Amino acid sequence: QVQLVESGGGLVQTGGSLRLSCTASERTFNYAMGWFRQAPGKEREFVAGITNTGGNTDYADSVKGRFTISRDNAKNTVYLQMNSLKPEDTAVYYCAASRIPTIVLRDRYDYWGQGTQVTVSS
């Protein structure tokens, strides 16, 4: 079972940037990867996803044009570059891995990290 560990969260002002990282315990090439977030009192929602080769990506409308997902399979790491952050981006961000490597899904992920807190102050 793959273990996922997120890092890079923190406190940032509106308009600022953060880069989240997710490092896996085994080869990420076997998995499509995704980022999700959950704000207090809200359901967890899809943020971005990427296929195993990085050839296809998908983004939630709320982050399109501001966030970029990427991966470095040599380092077993997936990234989420977040720019132009807004207070509504405040949430716990989770990394997830899907055993369907060649399609970006918005659900049906198999493995999850523990999450990293992102707080955007106004």
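Structure report, in brief. (Residues numbered from 1 in each chain as written. Predicted model: local features only at pLDDT ≥ 70, side-chain atom pairs only at ≥ 80, totals over all residues. Heavy atoms only, no water.)

### Here we look at the state of the cysteines
Phase 1 of the analysis: Overall, the coordinates contain one disulfide when judged by the stated rule.
Phase 2 of the analysis: The partner cysteine of Cys22 in its disulfide is Cys95, sulfur to sulfur 2.0 Å. The S-S bond linking Cys22 to Cys95 shows a torsion near -75°; that makes this disulfide left-handed. Residue Cys22 is found in strand E3 (residues 18-24), and its partner Cys95 is found in strand E9 (residues 91-98); the two are separated by 73 residues along the sequence. Grouping residues by exposure puts Cys22 and Cys95 together as buried. (Disulfide = S-S within 2.5 Å. Helix = DSSP H or I, 4+ residues; strand = E, 2+ residues; numbered from the N terminus. Buried < 20%, exposed > 50% of the residue type's maximum accessible area, 1.4 Å probe, protein only.)

### A look at the nonpolar core
Phase 1 of the analysis: Core analysis: the largest hydrophobic core is formed by 30 residues, its most contacted members being Leu4, Met33, Trp35, Leu80, Met82 and Tyr93.
Phase 2 of the analysis: Listing elements by their share of this core, those giving two or more residues are E3, strand E4 (32-38), strand E5 (45-50), strand E7 (67-72), strand E8 (77-82), E9 and strand E11 (116-121).
Phase 3 of the analysis: Ranked by size, the runner-up nonpolar core spans six residues in total, among them Phe36, Val104, Leu105 and Tyr109. (Core = buried A, V, L, I, M, F, W, Y, C linked by side-chain atoms within 4.5 Å.)

### Notes on the packing of aromatic side chains
Phase 1 of the analysis: Scanning all chains against the criterion turns up five aromatic pairs.
Phase 2 of the analysis: On the numbers, 5.1 Å between centres and 80° between planes, the contact of Phe36 with Tyr109 is edge-to-face. With Phe36 in strand E4 and Tyr109 in the loop between E9 and strand E10 (111-112), this residue pair connects regions lying 73 residues apart in the sequence.
Phase 3 of the analysis: The class for Phe36 is buried, based on a relative accessible area of 5%.
Phase 4 of the analysis: Sitting over the face of the ring of Tyr94, Arg44 holds its NZ or CZ atom 6.0 Å from the ring centroid.
Phase 5 of the analysis: Over the ring of Trp112 we find Arg44, and its NZ or CZ is 3.7 Å from the ring centre. (Phe/Tyr/Trp six-rings, centres within 6.5 Å; stacked < 30°, edge-to-face > 60°. Lys NZ or Arg CZ within 6 Å of the ring centre and 35° of its normal.)

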